[in-house]
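Fold and geometry: a report
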Amino acid sequence: MLDNTDAVERRTATALCRSGASADKPFCDGTHVSVGFENGDGV
Ligand code: FES
């Protein structure tokens with residue numbers, strides 16, 4: 001059973017990495033900005 005002392009990372013929002021550059025896969029860590037990743041849909 002988990003309590004507040006357990007070392008569990010809790011995330012309230014997540015983004016999955018689509019660039020392949022994240023050091024925290026499968027999550028996006030923002031590295032896509034420095035590698036110039038573009039998702040191809042203009043967003
Ligand atoms: S999408 Fe891969 S690091 Fe953000």
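Our subject is the structure that appears above.
I will try to describe carefully the structure that is included in this document. (Residues numbered from 1 in each chain as written. Predicted model: local features only at pLDDT ≥ 70, side-chain atom pairs only at ≥ 80, totals over all residues.)

Things to note about the overall build of the protein chain
The condition is simple: Strands here are runs of E lasting at least two residues and helices are runs of H or I lasting at least four, both read from the DSSP assignment and numbered beginning at the N terminus. Here a residue counts as buried when 20 or more other C-beta atoms sit within 10 Å of its C-beta, as exposed when there are 12 or fewer, and as partly exposed otherwise, the C-beta atoms being derived from the backbone.
Scanning the protein chain from N- to C-terminus turns up one helix and zero strands. Among the 43 residues that make up the protein chain, the fraction classed as buried is 0%.

Examining unusual backbone geometry
Residue Lys-25 is joined to Pro-26 through a cis peptide bond whose omega torsion reads 15°. Here Pro-26 is to be found in the segment before helix 1 (31–35).

Regarding the environment of Asn-39
Within the secondary structure, Asn-39 sits in the segment after helix 1. Among the residues examined, Asn-39 registers 9 C-beta atoms within 10 Å and is labelled exposed.

Considerations on the environment of Phe-37
The following threshold applies: A pair of residues counts as a contact when their C-beta atoms, built from backbone coordinates, are within 7 Å of each other.
Its place among the elements puts Phe-37 in the segment after helix 1. Note on Phe-37: 15 C-beta atoms within 10 Å, which makes it partly exposed. Distance in space between the C-alpha atoms of Phe-37 and Ala-21 is 8.8 Å, their sequence separation being 16 residues. When neighbours within four sequence positions are excluded, Phe-37 is seen to be in contact with Ser-19, Ala-21 and His-32.

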